[in-house]
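# Notes for the structure review
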Amino acid sequence: RRLTTLTRLADLLDAHEQSRETVSAGASWRQAEIIAGCEVNMFELKEFDEIAALHGNPPFLPSPQIRQSLYTIVAIALLITVLHLAILKTYQIRYSHSKGYNNEKAWEVSYHFTSLMVNFLLGVLGLYHYTRTIPHPASGATRVVGWEEMGILGCIQMGCQLWALPVGYFFVNETAAMLGHHVQVMVVGALATFFTNGFRYSTPFFFGLVEVSSVPLSIMNHFKANPDLIASYPGLYLAIRMVFMVAFIYIRVFMWAPNMYGFLHDCGILCFTCDNNLCRAGLGASCLAGVGLTGLQLMWASMILRGFLKILAGGKKNKRQKTA
């Protein structure tokens, strides 16, 4: 594959030189476009070769770093669990004698409030590093290897998913889509946390900034778990829904698409140039997880837009009734 890439690069260089000679002799705009196409193809082939060469790196990060990451993941999972149980106990003491109280509701409310706190932290860290630390654009090797200091975002995400997966399944009755989301995040989180070619350049966005949209979602879920709040503050609830819709569509659709394309492009090249099945399986699983997460974002985005259309339809209906 590497020899084929170099051969194609040599052919493109010959075509590029011939095209330049033609243009210098008074060629057409069409021939100038061919030159531009050759330059783009040469850049892509050079980047392909640059990423493929990263197979020469050790597959895993140094053992001490992996151990430290494992300790960090377990510590974060335990810390979030303790925080959740403290919030749960506080809610139970405060509202156990209230009308409509039940244990399932206590678990749901405390789960959403804990998620709110964790997502706020991840969102702030991700926004800072995405706008201040990570260069835009970056070379292929820069996007794949290095940035070990960003591994803390992967540790936080994996610790969070280790807490959320059992709680969501046993106590909160989360949907299959949400449980699948937890598993897929852990797959790509393991890639960023334990492997040398870990694509940590992408972690500030995927493990951090995207959680900005989860903050209004947690607040909205709290309202849904307490219908009395919706009845008491309908305007506030509607405003939170609108903020969530705008944040989700902008971050998890419009910003997500180019960032995920970049990840799948780089991970796909590395997977295609693997020389053993274990390498292909690991990187292939990460690519599939990325595709699966993208499908979930699009599915949720369509649900959000349908809900928004219902709000608009309801508002128009109420307006017609008042006019009548």
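Look above for the structure.
Here we summarise the structure given alongside this text. Here the structure is a predicted model, which is why all the values come from computation and not from measurement.

### Here we look at the overall build of the protein
From N to C terminus, the protein includes 12 helices and zero strands. Along its sequence from the N terminus, the protein presents helices and strands in the succession α-α-α-α-α-α-α-α-α-α-α-α. Out of the 324 residues belonging to the protein, those deemed buried represent 44%. Across the protein, the fraction of contacts at a sequence separation of at least 24, relative to all contacts at a separation of at least 6, is 78%. Per element, the accessible surface of the protein, about 17900 Å² overall, is 67% carbon and sulfur.

### Topic: a nonpolar patch on the surface
On the surface, Tyr169, Phe170 and Phe171 cluster together to form a nonpolar patch covering roughly 390 Å² of accessible area. Residue placement: tyrosine 169 occurs in helix α6 (residues 151-170). A residue is classified by how much of its surface remains accessible, and tyrosine 169, at 54% relative accessible area, is exposed.

### Focus: helix α3 (residues 63-95)
End to end, α3 covers 48 Å across 33 residues, agreeing with the expected 48 Å (1.5 Å per residue, within 8%). Within α3, burial applies to Ile66, Ser69, Thr72, Ile73, Ile76, Ala77, Ile80, His84, Ile87, Leu88, Tyr91 and Gln92. On its buried face, α3 is in contact with α4 (103-133), α6 and α7 (176-194).

### Topic: the nonpolar core
Of all hydrophobic cores here, the largest spans 56 residues; its most connected members are Phe199, Phe205 and Leu283. Looking at which element gives the most residues to this core, the answer is helix α11 (residues 234-272), with nine residues. When sequence neighbours within four positions are dropped, the list of residues in contact with phenylalanine 199 reads Arg143, Val144, Leu191, Phe263, Asp266, Cys267, Leu270 and Leu283. Grouped together as the second largest cluster of nonpolar side chains are 12 residues, Tyr237, Ile240, Ile249 and Ile304 included.

### Some words on the state of the cysteines
Under the counting rule described, the total for this entry stands at one disulfide. Across the disulfide from cysteine 274 sits cysteine 279; the S-S distance is 1.9 Å. Looking along the S-S bond of the cysteine 274-cysteine 279 disulfide, the torsion reads about -50 degrees, which is the left-handed sense. Residues cysteine 274 and cysteine 279 agree in their burial class; the two are buried. Cysteine 271 carries a free sulfur, and the closest cysteine sulfur to it, the one in cysteine 274, is 5.2 Å from it. Cysteine 287 takes part in no disulfide bond, and the closest cysteine sulfur to it belongs to cysteine 267, at a distance of 3.4 Å. A relative accessible area of 14% places cysteine 287 in the buried class.

### Regarding unusual backbone geometry
Cis geometry is found at the peptide bond from histidine 136 to proline 137, where omega equals -5 degrees. Among the secondary structure elements, proline 137 is positioned in the loop between α4 and α5 (140-144). In this structure, tryptophan 147 takes a positive phi of about 60 degrees despite not being glycine. Unusually for a residue other than glycine, asparagine 173 sits at a positive phi of about 60 degrees. Assignment of secondary structure puts asparagine 173 in the loop between α6 and α7. We classify asparagine 173 as exposed; its relative accessible area is 69%.

### Comments concerning the packing of helix α9 (residues 214-225) against α11
Following both chains from N to C, one finds α9 and α11 inclined at 145 degrees, their axes separated by 8 Å at the closest point. Here α9 and α11 pass one another in a crossing that is left-handed. The residues of α11 that touch α9, namely those facing Ser214, Pro216, Leu217, Ile219, Met220, Phe223 and Lys224, are Leu236, Tyr237, Ile240, Arg241, Val243, Phe244 and Arg252. Across the contact of α9 with α11, the residue classes break down as 10 nonpolar, one polar and three charged.

### Things to note about the packing of aromatic side chains
A complete count under the given rule lists 15 aromatic pairs for this structure. With a centroid separation of 4.0 Å and an interplanar angle of 10 degrees, the aromatic rings of tryptophan 107 and phenylalanine 171 are classed as stacked. Of this pair, tryptophan 107 sits in helix α4 while phenylalanine 171 sits in the loop between α6 and α7, and the two are 64 residues apart along the sequence. Consider the rings of phenylalanine 199 and phenylalanine 263, whose centres lie 5.3 Å apart with planes at 75 degrees: the pair is edge-to-face. Here phenylalanine 199 is found in the loop between α7 and α8 (203-208), whereas its partner phenylalanine 263 is found in helix α11, with 64 residues between them in sequence.

### Overview of α4
Taking 1.5 Å per residue as the helical rise, α4 with its 31 residues ought to reach 45 Å, and the 44 Å between its terminal C-alpha atoms agrees with that figure. The backbone nitrogen of glutamate 104 has a side-chain oxygen 3.2 Å away, supplied by the residue at the start of α4, namely asparagine 102.

Quick notes on the rules
Residues numbered from 1 in each chain as written. Predicted model: local features only at pLDDT ≥ 70, side-chain atom pairs only at ≥ 80, totals over all residues. Heavy atoms only, no water. Helix = DSSP H or I, 4+ residues; strand = E, 2+ residues; numbered from the N terminus. Buried < 20%, exposed > 50% of the residue type's maximum accessible area, 1.4 Å probe, protein only. Contact = heavy atoms within 4.5 Å. Areas by Shrake-Rupley, 256 points an atom, 1.4 Å probe, with all protein chains shown as cover. Patch = residues over 30% accessible without salt bridge, like charges linked within 9 Å, V, L, I, M, F, W, Y side chains within 5 Å. Salt bridge = Lys/Arg side-chain N within 4 Å of Asp/Glu carboxyl O. Expected span 1.5 Å × (residues − 1). Core = buried A, V, L, I, M, F, W, Y, C linked by side-chain atoms within 4.5 Å. Disulfide = S-S within 2.5 Å. Axes fitted to C-alpha atoms, helices over the stretch in contact; angles between N-to-C directions. Left-handed = near helix turned anticlockwise from the far one by under 90°. Nonpolar A, V, L, I, M, F, W, Y, C, P; charged D, E, K, R; others polar. Phe/Tyr/Trp six-rings, centres within 6.5 Å; stacked < 30°, edge-to-face > 60°. Polar contact = N/O pair within 3.5 Å; in protein donor to acceptor, adjacent residues only side chain to side chain.

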